[in-house]
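Results of the structural survey
Read off the chains here:
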Amino acid sequence: MHGLSWGNKTTKEMFIVIAFDLDGVLRDLQGYLRTKYGVPLPSVWFFTYKGLGFWEWAEFDNNKMPLLAKPTKYYNTIRKHCKNIEIWTHQYPHWRPLTKLWIKKYLGDCTVRFLTTKQKRARLDRCKDTILIEDCPNFKSYDRIVLIDKPYNRNIKAKRIKKVGQLEKLLLKEGK
Ligand SMILES: [Mg+2]
């Protein structure tokens, strides 16, 4: 099943699929760590704070974060404009059960694909009708990837979303 059912077609009579990364796009793990433990928003992808990296903080928190993290500021707009959301996310196996619960709680029924960064790129290269909304700075190419602006991805040259309104515009435009 394809991601978004806007019910509209492009001039090429092709449905555009917008896929969403989960963490940093819909689920706010950084906000959770900041609120609960005072971990500042990282400026690099592999950060440490008080000697602990992300996965060590997750363990320190008994891995409750995947369920208890709140949605990002982009969540409402995505919900509003996308009926069937398609998620592409790389989750380690021990995070998948709670991640599935988070998705059920906040997004309901939707298509979820567990893909690494490499696999996401390969899928984008295969599926030319698809664009991906992401925050990860580790892709080989950013063709058809739109970056959610974060301090740790500012060195990447790509189409970039800084404000909720910009994402809303994109969702409205691509939906035509
Ligand atoms: Mg992410």
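Small disclaimer: the values here were computed from a predicted structure and weren't measured. Each chain has its residues counted from 1, following the order in which its sequence is written. Selection of residues for local features in this predicted model requires a pLDDT of at least 70, selection of side-chain atom pairs for listing and counting requires 80 or more, and totals for whole chains, interfaces and linings are taken over all residues.

Helix and strand counts for the protein stand at seven helices and 10 strands. In terms of its C-alpha atoms, the protein occupies a principal-axis envelope of roughly 55 × 35 × 30 Å. Each helix is a run of DSSP H or I of at least 4 residues and each strand a run of E of at least 2, with the numbering of both proceeding from the N terminus.

Moving on: the confidence of the model for the protein. Known as pLDDT, the predictor's per-residue confidence is scaled from 0 to 100. In the predicted model, the protein carries a mean pLDDT of 91, and the fraction of residues at 70 or more is 91%. With C-beta atoms placed from the backbone, a contact is any residue pair whose C-beta atoms sit within 7 Å. Confidence drops under pLDDT 50 across residues 1–10; counting only partners more than four residues distant or on other chains, this segment forms 23 contacts.

Once that is clear, we can look at the pairing of strand β8 (residues 130–134). Every C-beta atom is placed from the backbone, and the number of other C-beta atoms within 10 Å of a residue's own sets its class: buried at 20 or more, exposed at 12 or fewer, partly exposed in between. In terms of burial, β8 is largely enclosed, as five of its five residues are buried. Burial of the side chains of β8 extends over both faces: Thr130, Leu132 and Glu134 are buried on one face and Ile131 and Ile133 on the other. One bridge is not enough; two strands pair if DSSP finds at least two bridges between them. Bridging between strand β1 (residues 17–20) and β8 involves four bridges; their strand directions are parallel. Across the sheet, residue alanine 19 finds its bridge partner in β8, namely leucine 132. Here β8 pairs with strand β9 (residues 145–148) via three bridges, running parallel. Across the sheet, the residue bridging to glutamate 134 is leucine 147, located in β9.

This part is about unusual backbone geometry. Glycine aside, negative phi is the norm for most residues, and most peptide bonds take the trans geometry. The phi torsion at asparagine 62 lies on the positive side, around 55°, for a residue other than glycine. Of note in the backbone geometry, arginine 144 takes a positive phi value of approximately 65° without being a glycine.

A separate point is the environment of tyrosine 49. Topologically, tyrosine 49 is positioned in strand β3 (residues 48–49). Along the sequence, tyrosine 49 and glycine 38 sit 11 residues apart, while their C-alpha atoms lie 9.4 Å from each other. Apart from residues no more than four positions distant in its own chain, tyrosine 49 is found in contact with Val39 and Pro40.

Spatially, the six strands line up as an open sheet ordered β7-β6-β1-β8-β9-β10, and their pairing is parallel. Every interior strand has two partners, whereas the edge strands, β7 (111–114) and β10 (159–161), have only one. Across this sheet, the average inter-strand angle for adjacent strands is 25°, counted without regard to direction. Pairing of β1 with strand β6 (residues 86–89), which is carried by two bridges, proceeds in the parallel orientation. When the sheet's bridge partners are listed, alanine 19 is paired in β6 with glutamate 86. Think of each axis as a best-fit line through the C-alpha atoms, taken over the contacting stretch in the case of a helix, with angles from 0 to 180 degrees between the N-to-C directions.

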